[in-house]
Amino acid sequence: MTRTVEEHREAVHRLLETSLATAPQRTETVELVQAAGRILAVDVRAPGSLPPFDNSQMDGYAVRAADLAPASGQAVQLHVSDPIPAGIAAPVLAAGHAAPIMTGAMLPAGADAVVPIERAVPDTFFTDGQRPGATVCFPDGAAAGDFVRRSGSDIRAGTVALAAGTRLGALQLGLLAALGIPAVQVRAPFRVLLLSTGDEVVEPGRELAPGQIHDANSTLLAVSLQEAGAEVARARIVTDSPDNFRAQLREDLEAHPVDLVLTSGGISMGAYEVVRLALASDGVQFLPVAMQPGGPQGIGTVHGIPFLGFPGNPVSSLVSFEVFLRPALGALTGRPAPRPQLPALLSEDAHSPAAKHQVRRGRYTPPAGAGTIGRVELVGGPGSHLLHALATSNALVHIPAGTAAVPAGAEVTVWLLDPADS
Ligand SMILES: Nc1nc2c(c(=O)[nH]1)N[C@H]1C(S)=C(S)[C@@H](COP(=O)(O)OP(=O)(O)OC[C@H]3O[C@@H](n4cnc5c(N)ncnc54)[C@H](O)[C@@H]3O)O[C@H]1N2
Ligand code: MOO
């Protein structure tokens, strides 16, 4: 039975959801800069308040506001006390005094307001030599709290600074640094065993014998997984011998605990479909999905581990990742963020097998002005071997099942592969 794209996407989601729900959540503690893009595993409470102490928002004078409210309405002269740079604990401010204070410096006990230097007379700081016996006046007065950043006005000690499940970026990690937290407990990455199959497939860098090709899928899928926050625990090329495939799979799974086994190739209708031959009787289904490319798909479990078999054609593998696996990872592990999905005007006629959801590669150009939509031109044909066209594209162009032709100028949906283009 042919599945629709949506049915298979849902099946992939369910497969991973079930296994992640029963697995104990693994976490690891990493330093802040290494935690970028990771998902927080636990609530983090503020160990202290921010700001940690009342401090000055301006370069100016720390004062007692009450000193500046004389009954006569005349501006009052205050004695200038020792300056307070940032980074020290100053002595109590005596009544009738004003202490030069710098931005970020701790407010001395007794002071309750800061007057910016521009509002003082004189409006520049005294030198050390000038200060003894000097006075300063503040014609505008001051109210308690003026230009004071209160302790805890950003966050109070003990409250939740970041909730479990938060995706950590610069903004969140900067907060943790300010709170004095050097490392953070994050969810361990989703681990994948990646097997590229085929007797013809040879590692890049090795010379090709006639009929052989270099392995593109290991790199295409490993980098896609890595960009999606997953970890490739082991990647290798496996030959077309089902016995060998089964033996290597067992060996790899013993050495590398993983959350998913992902293969490419060996699943369609040929005489030597190694993945199909090795696993078909083993809790894995091989079925057609009404999508082009990416029609043949394998799904199930091997040795109790979720299994997905993607087709060998490189574009088919990549499209399978984008359409089925990446959205499930995003929804279930918190990473990655969904691809931006946008409407775009198709710049040329396109034809599609009406029974299938076709995914073409395109080059998306954003709209020139607000209120308009972007354009997308197709790159290469529908063939699933067109790696160069894939490499020059920045979007997947979706032509849904039931549509045999889309005329130039019609609106289609594109998924941006590079969010910088949105
Ligand atoms: N009679 C039929 N033949 C095919 C059908 C079909 O329905 N009936 N489906 C076609 C479609 S669609 C696809 S997609 C492929 C999928 O085949 P497999 O998943 O079994 O993949 P292979 O046969 O192993 O390889 C297909 C193609 O991709 C190349 N390849 C494989 N691995 C890699 C790699 N790691 N790096 C680069 N290129 C790779 C391989 O050499 C083949 O050219 O089946 C169609 N056939
Ligand atoms: O479905 Mo295959 O994936 O067309 O190339």
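These numbers were taken from a predicted model, which means no experiment stands behind them.

Chemist: Is there a simple way to think about the environment of S224 in this case?
Modeler: With respect to the helices, strands and loops of the structure, S224 is situated in helix α3 (residues 217-227). Residues S224 and L318 lie 94 residues apart in sequence; the distance between their C-alpha atoms is 8.1 Å. When sequence neighbours within four positions are dropped, the list of residues in contact with S224 reads L318 and F321.

Chemist: Please clarify how the UniProt feature "domain: MoaB/Mog" (unreviewed entry) in the protein chain should be interpreted in this entry.
Modeler: If you check UniProt for "domain: MoaB/Mog" (unreviewed entry), the listed places come out as residues 193-331 in our numbering. In residues 193-331, helix accounts for 35% and strand for 30%; the two terminal C-alpha atoms are 20 Å from one another.

Chemist: Could you clarify how one ought to interpret the site of ligand 2 in this entry?
Modeler: Contacts to ligand 2 come from Q292, P293, G294, G295, P296, N313, S316 and S384. At a separation of 2.4 Å, an oxygen atom of ligand 2 approaches a polar backbone atom of G294. Measuring from an oxygen atom of ligand 2, one finds a side-chain N or O atom of S316 at 2.6 Å. Residues of the shell around ligand 2, tallied by class, amount to two nonpolar, six polar and no charged.

Chemist: Just to check I follow, could you spell out the site of ligand 1 for this structure?
Modeler: Looking at ligand 1, there are 21 residues lining it, with E200, D215, A216, I267 and G312 nearest. Take E200: an N or O atom from its side chain is 2.7 Å from an oxygen atom of ligand 1. In the complex, the protein chains occlude 64% of the 860 Å² of accessible area that ligand 1 would expose alone. Looking at the shell around ligand 1, the elements that each hand over two or more residues are β12 (191-197), β14 (213-214) and α6 (314-333). Of the residues that constitute the shell around ligand 1, the class distribution is eight nonpolar, 10 polar and three charged.

Calculation rules
- Residues numbered from 1 in each chain as written.
- Chains lettered and ligands numbered in written order.
- Predicted model: local features only at pLDDT ≥ 70, side-chain atom pairs only at ≥ 80, totals over all residues.
- Heavy atoms only, no water.
- Helix = DSSP H or I, 4+ residues; strand = E, 2+ residues; numbered from the N terminus.
- Contact = heavy atoms within 4.5 Å.
- UniProt positions renumbered as here; feature names shortened; annotations may be inferred.
- Near = heavy atom within 4 Å.
- Polar contact = N/O pair within 3.5 Å; in protein donor to acceptor, adjacent residues only side chain to side chain.
- Nonpolar A, V, L, I, M, F, W, Y, C, P; charged D, E, K, R; others polar.
- Areas by Shrake-Rupley, 256 points an atom, 1.4 Å probe, with all protein chains shown as cover.

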